[in-house]
Amino acid sequence: MNGTNENPAALLPELFLLGAAVVGLLLGAWLPRDEQWLVRLLAAAAALAGLVATAVAAGRPDELVFGAAYAVDTPTHATRAIVLVAVLGVLALSVDATTGHRRETEFVVLLQLGALGAILLGGANDLLLLVAAFLLASVPFYALAGWDASRLGTEAALKYYLSGAFLGVAMLAGVALLSGVGGATGYGSVRDGLAAAPVAAAGVGLVAVLGGLLFKVGGVPGHFWVPDVTDGTPPAVAAIVTTIPKVGGLVALYRLVSAAVPADALDRPLLVAVIAAVTMTLGNLAAFFQTTVQRLLAYSTIGQAGFLLIAVAVADRADLAQPALLYYAAGYAVTNVGAFAVVAAFPRARTLDDHRGMARRTPALAVALTVCLLGLIGTPPTAVFVGKLVVFTAAVDGGFAWLAVLAVVNTVASVFYYLRWIAPVFGATGPGAAPLPEGRWAAGTAYVCAALAVGFGLLGGVVLPLLAAPPIAW
Amino acid sequence: MLSLIVFLPAAVAAALVLVPATAPRRVFTGAWVATSAVDLALVVAVWLTPGTGIRFEERVAWMPTVGISYHVGVDGISLPLVGLTSVLFAACAVFALRETRAVKGYVALFLALQTVSLGLFVALDLILFFLFFDLSIVLMYFLIAGWGHGERARAAALGFFLYTFLGSLALLLGFIVLYLAAEPHTFDVVELAAADPLAGGGPVAAFALLAIGIGLAVKTPTVPFHTWLPPAHTEAPATGSAILAGILLKMGTYGFVRIAMPVLPGTWREYALVAVVVGVVSVLHGALVALAQTDLKRMIAYTSVNHMGYVILGVGAAGILAGSDEQARQLATTGAVTQMVAHGLITGALFLLTGVLHERGGTYDMAAYSGLAARTPRFAGAFAVAAFASLGLPGFAGFIAEFQIFTGALASAPVATVCALVGIVLTAALFLRALHRVFLGAPAADRRVADLHPSEAAAIVPLLGLATVIGVLPRFLLDVIEPASRVLVELVAR
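Here the structure is a predicted model, which means the values were calculated and not measured. (Residues numbered from 1 in each chain as written. Chains lettered and ligands numbered in written order. Predicted model: local features only at pLDDT ≥ 70, side-chain atom pairs only at ≥ 80, totals over all residues.)

Caption draft 1: Fine view of the overall build of chain B. When you go through chain B residue by residue, the secondary structure sums to 20 helices and two strands. The C-alpha radius of gyration computed for chain B amounts to 21 Å, which stays within 12% of the reference 23 Å derived for 494 residues, consistent with globular compactness. The buried share among the 494 residues of chain B stands at 63%. Taking as baseline every contact in chain B between residues at least 6 positions apart, the subset at least 24 positions apart corresponds to 82%. (Helix = DSSP H or I, 4+ residues; strand = E, 2+ residues; numbered from the N terminus. Rg over C-alpha atoms; globule rule 2.2 N^0.38 Å. Buried ≥ 20, exposed ≤ 12 C-beta atoms within 10 Å, placed from the backbone. Contact = placed C-beta atoms within 7 Å.)

What follows is the structure, given as structure tokens:
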């Protein structure tokens, strides 16, 4: 550890987000309501600049900056890229619903701050930075959940905040315990310290920290907020809270278990495997008989979190664990945003039945929705299929064949509820008229995301090798 | 060349999507007929090109980090099925000239399905195989749900999707085990067959074969995984049923000869008796349940279970070394592949014929029809020919196939073969009974059923003609299959 690596240039993508958020907030305070789109433009420019900076940084060797607190390595680059692409997607799909809204600037700025927190979660290599990132990835999203000030939104925000506060405190206690018995806060030192620490204390600390991160991921037992927040908020907000913090939380989990916990001190692979199993089973079963599309997608994201957690369970047991996690997370983010974009295009169609006959009126959007939903199932050649393939392979390779079998059964179960949505879309028009899309931007986002979901799957051969380099450690 | 054959229909489908749906339906059906004719001509060109082993190979790295490549090629096992696919799709294209419901989506779906089917039979990479396997399920789902018979069709399509999707994922698990067992890790079928990664046997090899076997058995389908088949067939449109029975079921049996047998030879030999038993049970169960049906289409659906049972019996017998010589095993394998082609042609024709019947009479219930032979001589003639071909009368392709399977299996599995022979008698009984009910007797006074339309005849008669040619002059087909089945038998016996 040396003190000379305080290199802000290594944090350009994060600084772009922060800068654009601060400038945007000030700008929004002065701009008239119908010119607040400038704030959105600034945010999009910052995200694009961040993507370029990420690409440039990915070409340089990995490094730890600010002591050993923040890692700039493959998982961080991937987190930045996924989160920034998701930010761009959400900025685009929310144009129709938020342009000219009196809190448009707040929407954009809160999104940027939360995204910054998610990226920091992915790169944090120190328990204290992890806590700070957790808060930054939580508080803006609590506010965002109540952004439209509707009755359901307020209730969602309160529920989101309460579960976050509860699990956040647990996480803080866990961090205190881990750093206490580990004798440090940096992941590398904690790992060395825990090797000699009492197993019970380390175990309790780890479980508490996992609890906080599972809240971000939307995995059991931190999943209670997901259905209410996803169903009670506008589609754009729902897309944000089910995508961006999930990616950050998963990479944080992966880094924590692979860098900060000794492999032999605890049976943490089994612990995470059980969490993954329970999460996917619960998410998929609970999605079965949902009638509103956002609640269905909410449980689907819990199910997907379970599949993603498999890769965390086999971290450092299978070579493919990291590319599996990052690739699946990227594919999931694009596909999930695409599905929510279709929902955002039909703000009046809340239930599955409201989508009846959609294919007759808007065949292109129906196809985009089908591609995204089949993509979430994991039908080849979409990105999530490649993700699932690599995750299953990593699971079998890591000695968790039973988990792969369970994931297969869950995948088949998930087909049932996705088809419950697809079938009416292509069915005959019901008593009411088929819904009409109310926004071009949301529809456009859906097309782009559907195309990306397929294209990204076909390009798996190019992308997977880029994700293979293990996290930097010392 | 193969990529052109495979992706030509998909390219045409993509182009048709851009044509507005209000265009005259002849644009769509015409494009489909033309495309399938061109594809058929290309396949014939491939067929006539001399050569042995795996030909027209193309291999491009796709995801090298996980050992996946775009690897295609044809040999004597896949070429007959590629040929069958292009013939049957061409027949469906001609048959569909009379289709009027949402023609644009219908034609685009079928063209995509043709790409998927051809791609599966030429795929030499497990993931490529799986990709086409899965997409066939998705496309067939939309076909049954969208163009089937109403609300019940959607329920049947859902059952079909869930059941066969479960099978496909079991298959994927098996593939992953094979991938991890091979050193270096690969999904390439040719490399895996050469390496024989699980030669040591043991629980891992048994698990891999179990997973792959279940996946393929669901698609084939064999008893006890066949329950999705009757509703899916009954509710699907005629062309959908023809493709489902003629092509999609073959994906299961083809998987056995392309993947399970050469890649897991030792394990296959160990559990070959299971395949034999499952095959015989499918033969008898399919025939007996078909005998009990009053719904004509359901009856034909169950005969598919029966006919696929012979294939499973053949591939099982090819894995039993004790008491059989190489020639017998080769005969059983060749018979199994021939049976796939024969069943595709004959059952395809039968399903198209039942489609004609449903269009005229509005029901598949045999009791609703009587004495059709007097009013519709061409239809009755075609149906009689198809029925006799299906029950295995000499002179038709089915006889050649079943004769080879029985001769090849007799030495190694005599009891099973004798039991399976009973299936032939049962099939004969049920087809004769159906002919008797529907075509003979006094014509029902209130049903005015029109005879075969020229375009329907143009779709169905060539299928029956080809089944007859294979039955009378089988060498052109067997000369292609036999070298490949010799290679396969050697791979299994090593």
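Caption draft 2: Up close: the overall build of chain A. Looking only at helices and strands, chain A features 20 helices and two strands. For 474 residues, the compact-globule estimate of 2.2 N^0.38 gives 23 Å, and chain A sits close to it at 21 Å. Reported as C-alpha extents along the three principal axes, the dimensions of chain A are approximately 70 × 55 × 40 Å. Taken over 474 residues, chain A has a buried fraction of 65%.

Caption draft 3: Broad picture of the packing of helix α6 (residues 151-181) of chain B against helix α8 (residues 202-219) of chain B. Residues and elements named next belong to chain B. Where α6 meets α8, the axes come as close as 7 Å, and the angle between the chain directions of the two elements is 150°. Judged on the interaxial angle alone, α8 and α6 are roughly antiparallel. For the pair α6 and α8, the crossing hand works out as left-handed. Packed against α6, whose contacting residues are Y163, T164, L166, G167, S168, A170, L171, L173, G174, V177, L178 and A181, the element α8 presents V204, F207, A208, A211, I212, I214, G215, L216, V218 and K219 at the interface. Looking at side-chain class alone, the contact of α6 with α8 contains 16 nonpolar, five polar and one charged residues. (Axes fitted to C-alpha atoms, helices over the stretch in contact; angles between N-to-C directions. Parallel < 35°, antiparallel > 145°, perpendicular 65-115°, else oblique. Left-handed = near helix turned anticlockwise from the far one by under 90°. Nonpolar A, V, L, I, M, F, W, Y, C, P; charged D, E, K, R; others polar.)

Caption draft 4: Representation of helix α8 (residues 187-195) of chain A within the structure. Of the residues making up α8(A), those classed as buried are Y187(A), V190(A), R191(A), G193(A) and L194(A). Check the buried side of α8(A) and you find it contacts α6 (127-145), α7 (151-182), α9 (199-217) and α11 (235-260) of chain A.

Caption draft 5: Expanded view of the pairing of strand β1 (residues 55-63) of chain B. Residues and elements named next belong to chain B. For β1 and strand β2 (residues 68-74), the ladder comprises six bridges, and the chain directions are antiparallel. Pairing of E58 across the sheet is with V72, part of β2. Remark: four residues form the turn of the hairpin made by β1 and β2, two consecutive strands paired antiparallel; G67 in that turn has positive phi of roughly 65°. (Pairing = 2+ DSSP bridges.)

Caption draft 6: Structural detail: α11(A). Residue and element names in this part refer to chain A. Along its 26 residues, α11 runs 37 Å from first to last C-alpha, staying within 8% of the 38 Å computed at 1.5 Å per residue. Taking the largest bend as the criterion, α11 deviates by roughly 30°, centred on K246. Extensive coverage of α11 is indicated by the burial of 26 of its 26 residues. (Expected span 1.5 Å × (residues − 1). Bend = angle between axes of the 7 residues up to and from the residue.)

Caption draft 7: Representation of the interface of chain A and chain B in the model. Counting from both sides, the interface comprises 24 residues of chain A and, opposite them, 27 residues of chain B. Those elements that provide at least two residues to the side of chain A that touches chain B are α17 (383-397), α18 (401-426) and α20 (460-466) of chain A. In terms of residue count, the dominant contributor to the side of chain A that touches chain B is α18(A) (10 residues). Here the side of chain A that touches chain B is composed, by residue class, of 18 nonpolar, five polar and one charged.

Caption draft 8: Structural view of the packing of helix α2 (residues 37-58) of chain A against helix α3 (residues 74-93) of chain A. Residue and element names in this part refer to chain A. For the pair α2 and α3, the least separation of the axes is 9 Å and the interaxial angle reads 160°. The pairing of α2 with α3 is recorded here as roughly antiparallel in orientation. Handedness of the crossing formed by α2 with α3: left-handed. Mapping the contact onto sequence places R40, A43, A44, A47, G50, L51, T54, A57 and A58 in α2 and H77, R80, A81, L84, V87, L88 and L91 in α3. Split by residue class, the contact of α2 with α3 holds 11 nonpolar, three polar and two charged.

Caption draft 9: The environment of C372(A), seen in detail. Residues and elements named next belong to chain A. Structurally, C372 can be placed in helix α16 (residues 363-377). Owing to 27 C-beta atoms within 10 Å, C372 belongs among the buried residues under this scheme. Counting along the chain gives 74 residues from C372 to A446, while the straight-line C-alpha distance between them is 8.5 Å. Here C372 is in contact with T335, G338, A339, V342, C449, A450 and A453, once residues within four sequence places are set aside.

Caption draft 10: How the structure looks around the confidence of the model for chain B. Residues and elements named next belong to chain B. Chain-level pLDDT for chain B is 92 on average; 99% of the residues reach the 70-or-more range. Taken element by element, the predicted model of chain B shows its lowest mean pLDDT in helix α15 (residues 372-375) (85) and its highest in helix α3 (residues 78-95) (96). Here the predicted complex carries an ipTM of 0.90, next to a pTM of 0.93. (pLDDT = per-residue confidence, 0-100.)

Caption draft 11: A look at the environment of I422(A). Residue and element names in this part refer to chain A. Examined against the element boundaries, I422 turns out to sit in helix α18. The exposure class assigned to I422 is buried, which follows from the 25 C-beta atoms found within 10 Å. Taking C-alpha positions, I422 is 8.4 Å from A366, a pair spaced 56 residues apart along the chain. Leave out the neighbours within four places in its chain, and I422 touches T370 and L373.

Caption draft 12: Main features of the environment of V448(A). Its place among the elements puts V448(A) in helix α19 (residues 440-458). Sequence spacing of V448(A) and P198(A) is 250 residues, and the spatial spacing of their C-alpha atoms is 52 Å.

Caption draft 13: Geometry of unusual backbone geometry. All names here are of chain B. A cis amide bond links T220 to the next residue, P221, at an omega of -20°. Relative to the helices and strands, P221 resides in the loop between α8 and α9 (229-235). Backbone torsion omega between V223 and P224 reads 5°, so that peptide bond is classified as cis. Checked against the element boundaries, P224 lands in the loop between α8 and α9. Positive phi outside glycine occurs at F56, with the angle close to 50°. With respect to the secondary-structure elements, F56 resides in strand β1. Overall, F56 belongs to the partly exposed group, with 17 C-beta atoms counted inside 10 Å.

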